[in-house]
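# Observations on chain architecture
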There are 2 protein chains.
Amino acid sequence: VRPSRELARSPTSQSPCADSYALKPIGIFDSGVGGLTVLKALRARLPHEDLLYFGDTARVPYGNKAPATIERYACNIARYLEDADCKAIVIACNTASAFALDAVRRTVSVPVVDVIGPVAARVADSPDNQTIAVIGTRGTVRSGAYVRSIERQRQGRRVIQQACPLFVPLAEEGWTSGPIAEAIAEKYLQPLFASEPVGHLILGCTHYPLLEQVIRSTADRYARGVQIHDSAGYTAAAIEELLEAGGLSGPRDRVGSSRFVVTDDPSAFLGVGAAFLGEPIDSAEHVDVR
Amino acid sequence: VRPSRELARSPTSQSPCADSYALKPIGIFDSGVGGLTVLKALRARLPHEDLLYFGDTARVPYGNKAPATIERYACNIARYLEDADCKAIVIACNTASAFALDAVRRTVSVPVVDVIGPVAARVADSPDNQTIAVIGTRGTVRSGAYVRSIERQRQGRRVIQQACPLFVPLAEEGWTSGPIAEAIAEKYLQPLFASEPVGHLILGCTHYPLLEQVIRSTADRYARGVQIHDSAGYTAAAIEELLEAGGLSGPRDRVGSSRFVVTDDPSAFLGVGAAFLGEPIDSAEHVDVR
């Protein structure tokens, strides 16, 4: 992998605190808006940290692209975030986490956290030993990344999977409740829960937290008591530990900022992004990539 | 626009009939599988012609990309098809038709037909003068290409539009009938038909013919007698006229072939493509593009 250096330098490198590690931002990237659910969790857990979000909206979605292409895109973006002075990087995209984590870690010198490892490790370790169900895009399910990650943590732990391709467009259309969302959730989840008793359900896509309510009510009908795990919270916890361990945490007596850069026209991002973040996004900058 | 020449030369240039215009193939391109509904119409109308289909599956979808990017991709592909000895080119993608028709025509020297012009011209000319409704992706609706094309043909003809973003994933998931398809069609179309009497409905996306039955039954509930127009048939008719006029038609006493090239892994294309074509696709070749 030879990530290019074509991306523009970020203006944050002019920040007056550029030489203080603790005050550097955390970089978060995704193919589009989905990673904003991870940014939201980071804000809630680390409100004192500055965050720089990179949405690769000109090249979204990653899910149907070749692994080598995803690796190239991800390394390219990670290099941009490192150049923008980020002290740590979060791969807030399941497809990029599945295919590009190792390559990104080889590419940059700052610590990197993905969205699959933290939730997989914690759920794999749950003492009940019940079956874990994973739902995600077709690409994430095919990659087998959750299965491998859980197996690495706890050999023999049973994992079943279900791709739910309509959940992403449904969330982006804003139809997160009502009869259509319920019927689609029913169609995907009923066969999953009917196959065997399930104790845990991992939302293996950053879009799915928007559908959590309808997923929960459907799950409750077929697998009462199933625990639903959203990777955002686990990822935020992993970043916090990592910053603490490395002495990289910012001072807790300040309020952090959030900046957004995207590779396509920012206006569409602002509209859909607000639904994912749960509050308006004032502005996003456009970054040109080839 | 400076389309690159990076694409590989096609093996069809080795055909023994390469010097006979009449036996050269017709090139058809789309961002993915949707254009196969146009290929199907071409096959039905011109069964004696050879067809070369180019699906840009590594860069699908075009709908959310910047116009300049779509222009570059489309010109690149058109150049590939011209190099592969095609005698005419069909832009079988509504987004590329909306943003890149003029650029493609400037780029290649063979005749080019798009999927918007032919249907828009014919429906605009319908003598009843009733309102025309257009449904499509968000990108196509925003581009205003149908509205402009109809206006050019018949000034003052009333056109209304509705974006139906979930129709494409629905068609690709294969859920083309049943309660979910019905509920989604109802949600998009009821407000469209409730606003005013509508005489014509244009399916402004090559995916939508797969949903024609559910669209028709919904339309019949709110706008009884509405005429549904699928651009594929009009486009095939336009290509036929153009070949006739230019003396480019192949002899009618032969059976034409179809070849498929795609920019991403061909296996996914074969599966979903078969549903769009209505029959199995034996093989597709991979073409590398950067």
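To be clear, the structure that these remarks concern was listed above.
So, a few notes on the structure that sits alongside this text. (Residues numbered from 1 in each chain as written. Chains lettered and ligands numbered in written order. Predicted model: local features only at pLDDT ≥ 70, side-chain atom pairs only at ≥ 80, totals over all residues. Heavy atoms only, no water.)

### Examining the overall build of chain A
Definition in use: Helix and strand assignments follow DSSP, with helices taken as H or I runs no shorter than four residues and strands as E runs no shorter than two, numbered in order from the N terminus. Note on method: radius of gyration uses C-alpha positions; expected globular size equals 2.2 Å times residues raised to 0.38. Classification of residues uses two cut-offs on accessible area relative to the type maximum, computed with a 1.4 Å probe and protein chains only: under 20% is buried, over 50% is exposed, and between them is partly exposed.
Each helix and strand in chain A was counted, giving 11 helices and 10 strands. Against the compact-globule benchmark of 19 Å for 290 residues, chain A has a radius of gyration of 18 Å, which places it among compact chains. For the C-alpha atoms alone, the extent of chain A along its principal axes is close to 55 × 40 × 40 Å. Within chain A, the proportion of its 290 residues that are buried is 58%.

### Brief notes about the relation of the copies chain B and chain A
Counted only if it meets this: Copies are brought into register by a least-squares superposition over C-alpha atoms of residues with pLDDT of at least 70 in both. Contacts were defined at the residue level, with two residues in contact if any of their heavy atoms lie within 4.5 Å.
If you rotate chain B by 180 degrees and push it 0.0 Å along the axis, it lands on chain A with an RMSD of 0.0 Å. Here the transformation between the copies is reduced to the relation of a two-fold axis. Minimal C-alpha separation from the rotation axis in chain B is found for I180 of chain B, amounting to 3.2 Å. Both copies share a contact surface, since 100% of the interface residues of chain B are interface residues in chain A too.

### Let's talk about the side chain of T140 of chain A
Residue and element names in this part refer to chain A. The condition that has to hold: Any pair of N or O atoms that falls within 3.5 Å is considered a polar contact. Within protein, one atom must be able to donate a hydrogen and the other to accept it, and sequence-neighbouring residues count only if both atoms are side-chain atoms.
You can see T140 is positioned in helix α5 (residues 138-143). Polar contacts involving the side chain of T140 include one to the side chain of T137, which spans 3.2 Å. Aside from chain neighbours lying at most four places away, what touches T140 is N94, T95, A145, Y146, Q161 and G204.

### Some points on the interface of chain B and chain A
Test applied: As a working definition, buried area equals the accessible area (1.4 Å probe) given up by two parts on being put together, with both sides summed. By convention in these notes, a salt bridge is any Lys or Arg side-chain nitrogen within 4 Å of a carboxyl oxygen on Asp or Glu.
With 21 residues of chain B at the contact, the number on the chain A side is 21 residues. With both chains or domains summed, chain B and chain A bury close to 1800 Å², and 60% of this area falls on carbon and sulfur atoms. Interface area lost by chain B to chain A is led by L166, E173 and W175 of chain B, which between them contribute 28%. On inspection of chain B and its partner chain A, the count reaches 2 salt bridges. E173 of chain A is the salt-bridge partner of R138 of chain B, the closest N and O atoms lying 2.8 Å from each other. Counting every contact that joins chain B to chain A gives 4 residue pairs in polar contact (both at pLDDT 80 or more). Here the element with the most residues in the side of chain B that touches chain A is helix α8 (residues 179-195) of chain B; it accounts for 5 residues.

### Examining the pairing of strand β7 (residues 200-203) of chain B
Residues and elements named next belong to chain B. Condition: Strand pairing is assigned whenever DSSP identifies at least 2 bridges connecting the two strands. With the strands pointing away from the viewer, any crossover whose connection runs clockwise from the first strand over the helix to the second is right-handed.
Taking every second residue as pointing to the same face, both faces of β7 are buried, with H200 and I202 on one and L201 and L203 on the other. Sheet topology places strand β5 (residues 132-136) next to β7; 4 bridges connect them, and they run parallel. Opposite I135, over in β7, you have L203 as the bridge partner. A crossover connection joins β7 to the parallel strand β8 (residues 227-230) through helix α9 (residues 212-222); in handedness this β-α-β unit is right-handed.

### What to know about the side chain of H48 of chain B
On the secondary structure map, H48 of chain B appears in the loop between α1 (36-45) and β2 (51-55). Those residues in contact with H48 of chain B that lie beyond four places of it in its chain are G250, P251, R252, R254 and G256 of chain B.

### Observations regarding the packing of helix α1 (residues 36-45) of chain A against helix α10 (residues 231-246) of chain A
Residues and elements named next belong to chain A. Our working definition: Every axis corresponds to a line fitted to the C-alpha atoms, with the helix fit spanning only the stretch in contact, and the corresponding angles, defined between N-to-C directions, vary from 0 to 180 degrees. When an angle is under 35 degrees it counts as roughly parallel; over 145 it counts as roughly antiparallel; between 65 and 115 it counts as roughly perpendicular; any other value is oblique. Here is the rule for handedness: rotate from the far helix to the near one, and if that takes an anticlockwise turn smaller than a right angle the crossing is left-handed, while a clockwise turn gives right-handed. Polar here means any residue other than Ala, Val, Leu, Ile, Met, Phe, Trp, Tyr, Cys and Pro, which are nonpolar, and Asp, Glu, Lys and Arg, which are charged; Gly is therefore polar.
At a minimum axis distance of 8 Å, the contact between α1 and α10 shows a crossing angle of 50 degrees. Put simply, α1 runs oblique to α10. Remark: the crossing between α1 and α10 carries right-handed chirality. Side by side, α1 and α10 meet where T37, V38, A41, L42 and R45 of the first sit next to A232, G233, T235, A236, A237, I239 and E240 of the second. Residue composition of the contact of α1 with α10, grouped by class: 7 nonpolar, 3 polar and 2 charged.

### Some words on helix α10 (residues 231-246) of chain B
Defined as follows: A helix is expected to span 1.5 Å multiplied by its residue count minus one.
Its 16 residues give α10 of chain B an end-to-end C-alpha distance of 22 Å, which sits within 8% of 22 Å, the value for a rise of 1.5 Å per residue. Taken as a whole, α10 of chain B has its buried residues at S231, A232, Y234, T235, A236, A237, A238, I239, E240 and L243 of chain B.

### Here we look at helix α6 (residues 145-153) of chain A
All names here are of chain A. To keep it simple, the criterion reads: Arc definition: directions from the helix axis to the C-beta atoms.
Along α6, the residues classified as buried are A145, Y146, S149 and I150. Axial view of α6: buried residues confined to an arc of 125 degrees, hence all on one face. In the core, the buried residues of α6 are packed alongside α3 (94-107), α4 (117-124), β5 (132-136), α5, β6 (159-163) and β7 (200-203).

### A closer look at the pattern of salt bridges
Should their charged atoms come close, side chains of opposite charge can pair. In this structure the tally under the stated criterion is 28 salt bridges over all chains. Its salt-bridge partner being E186 of chain A, residue R221 of chain A comes within 2.6 Å of it at the nearest N-O pair. With a gap of 35 residues between them, R221 of chain A in helix α9 (residues 212-222) and E186 of chain A in helix α8 (residues 179-194) connect regions that are remote in the sequence. The shortest N-O distance in the salt bridge between R216 of chain B and E212 of chain B comes to 2.6 Å. Within this pair, R216 of chain B and its partner E212 of chain B are both found in helix α9, separated by 4 residues, close to a single helical turn. A single network of salt bridges, built from pairs that share partners, joins R45, E240, E244 and R252 of chain A.

### A word on the packing of helix α4 (residues 117-124) of chain B against α10 of chain B
Residue and element names in this part refer to chain B. Between α4 and α10, the least distance of the axes is 8 Å, while the angle of their chain directions is 100 degrees. The angle between the axes of α4 and α10 places the two elements in the roughly perpendicular class. Contacts between α4 and α10 involve P118, V119 and R122 on the former and, on the latter, S231, Y234, T235 and A238.

### Structural notes on the environment of L51 of chain B
Residue and element names in this part refer to chain B. Here L51 is to be found in strand β2. Under the relative-accessibility criterion, L51 is labelled buried at 3%. The spacing of L51 and Q130 is 79 residues in sequence and 36 Å in space, taken between C-alpha atoms. Residues contacting L51, with those up to four places away along its chain left out, are P25, I26, I28, L39, L42, R43, S257, S258 and R259.

### Observations regarding the environment of Q153 of chain B
Residues and elements named next belong to chain B. Here Q153 lies in helix α6 (residues 145-153). Looking at Q153, the relative accessible area reads 38%, which means it is partly exposed. Distance in space between the C-alpha atoms of Q153 and D125 is 7.3 Å, their sequence separation being 28 residues. For Q153, the contacting residues outside a window of four places in its chain are A121, A124 and D125.

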